[in-house]
Amino acid sequence: MPQKSQIDLSKASAGEVLLKIGAVSFSFNPPYTYTSGLKGPMYFDNRIILSYPEARTRIVDLYIEAIKKDIPLKEIDCISATATAAISQGALVADRLKLPMVYVRPSTKSYGKGQKIEGYLKPNTNVLVVEDHVSTGASMINNVLTIRGAGCKVKYCITTTTLENKMAEELVKEHNVKLIRLATSREIMAIGQKHGYISKAERDAVEAWIKDPEQWDLTI
């Protein structure tokens, strides 16, 4: 394994930030076991961004840069974060842009007011959905459809990372959403090899997993 190189967080890409603080990690022997029961070599834990102030600031900077580059600001009236993991990112982005924010639960509450959208959502406004990580895309689309069902418009979703899952790509097309990513799994594994987090053989193993996670087997 090559020696890890130093990363300056103040100038780092999203992938470099996530690797530096361990928000994205690799394990091959044994691999990680996911909630679905599938196994794989790459794990995303973007929640820990909050624990590192310099990294947190840099990630929010990158969110704002990406938003200003790819979305007309006049088309964003409100931020909708996906509960629970993206609430923190959504709040930080909304604060930086001086916009209101709501968040969307996975399902409607069975108590109190029985809400699924938390916060005040003004009808007929343009809403940007914020995610922390897109795997299958199910939680992202739940957010999008919930906001649209409340009488608002959603054209864009922005996420810290994405797995480049075929299901997610199909959902994005089906529901006419433009997905903006700070870092993809393939970009992160390339950065990981460059900076000494994984070897060439390990990168190839990750690539095989991305292409077919259900049939993936450790081959390094």
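This text gives an overview of the structure that appears in the document. (Residues numbered from 1 in each chain as written. Predicted model: local features only at pLDDT ≥ 70, side-chain atom pairs only at ≥ 80, totals over all residues. Heavy atoms only, no water.)

## Examining the layout of surface pockets
Put simply, the largest pocket is a space of about 1,100 Å³. Contributing to the lining of the largest pocket are 37 residues, with His133, Val134, Ser135, Thr136 and Leu163 lying nearest its centre. Only β4 (42-44), β8 (126-134), α4 (138-149), α5 (166-174) and α7 (200-211) provide two or more residues apiece to the lining of the largest pocket. Looking at the lining of the largest pocket, the element that brings in the most residues is β8, giving four residues. (1 Å grid on protein atoms, 1.4 Å probe; cavity = no way out; pocket = protein on both sides within 12 Å on 5 of 7 lines; lining within 4 Å. Points joined across faces, edges and corners; volume = space filled by probe spheres on them. Helix = DSSP H or I, 4+ residues; strand = E, 2+ residues; numbered from the N terminus.)

## Some thoughts on unusual backbone geometry
In the segment running from Asn29 into Pro30, the intervening peptide bond is cis, with an omega of 10°. With respect to the secondary-structure elements, Pro30 resides in the loop between β1 (24-26) and β2 (32-33). The phi dihedral of Glu164 falls on the positive side, at around 60°, and the residue is not glycine. Within the element layout of this structure, Glu164 appears in the loop between β9 (153-162) and α5. In this structure, Asn176 is a non-glycine residue whose phi angle is positive, near 55°. Structurally, the position occupied by Asn176 is in the loop between α5 and β10 (178-184).

## Details of the environment of Val130
Tracing the backbone through its elements, the reader meets Val130 in strand β8. Residues Val130 and Ser80, 50 residues apart in the sequence, show an inter-C-alpha distance of 6.1 Å. Those residues in contact with Val130, other than ones at most four positions away along the chain, are Tyr63, Ile79, Ser80, Ala81, Thr82, Ala86, Gln89, Gly90 and Ile158. (Contact = heavy atoms within 4.5 Å.)

## Description of the sheet that holds β8
Within a beta sheet, neighbouring strands are joined by backbone hydrogen bonds and run either parallel or antiparallel to one another. Spatially, the six strands line up as an open sheet ordered β7-β6-β5-β8-β9-β10, and their pairing is mixed. Each having just a single partner strand, β7 (117-118) and β10 make up the two edges of the open sheet. Packing against the sheet, helix α3 (residues 87-97) makes contact with β5 (78-82), β6 (101-104), β8 and β9, and its axis sits at approximately 165° to β5. Across the sheet, helix α6 (residues 185-194) lies against β9 and β10, angled at about 15° from β10, the strand it touches most. (Pairing = 2+ DSSP bridges. Axes fitted to C-alpha atoms, helices over the stretch in contact; angles between N-to-C directions.)

## Regarding the nonpolar core
Counting residues in each nonpolar core, the largest one holds 48 residues, and the members touching the most others are Phe26, Ile59, Ile158 and Ile188. A total of eight residues in this core trace back to one element, the largest contributor, which is helix α2 (residues 53-70). In this structure, Ile59 is in contact with Ala14, Val17, Leu18, Ile49 and Leu182, ignoring residues within four places of it in sequence. Counting residues in hydrophobic clusters, the runner-up holds 20 residues, among them Val102, Val129, Cys157 and Leu179. (Core = buried A, V, L, I, M, F, W, Y, C linked by side-chain atoms within 4.5 Å. Buried < 20%, exposed > 50% of the residue type's maximum accessible area, 1.4 Å probe, protein only.)

## Some points on the side chain of Glu207
Residue placement: Glu207 occurs in helix α7. Residue Glu207 is classed as buried on the basis of its relative accessible area, which comes to 19%. Those residues in contact with Glu207 that sit more than four places away from it in its chain are Arg186 and Met189.

## A short note on α4
Taking 1.5 Å per residue as the helical rise, α4 with its twelve residues ought to reach 16 Å, and the 16 Å between its terminal C-alpha atoms agrees with that figure. Every buried residue belonging to α4 is among Met140, Ile141, Asn143, Val144, Thr146 and Ile147, and all of these are buried. One or two steps after α4, the chain reaches Gly151, where phi turns positive at roughly 90°. (Expected span 1.5 Å × (residues − 1).)

No statement about biological role is implied by the geometric values presented.
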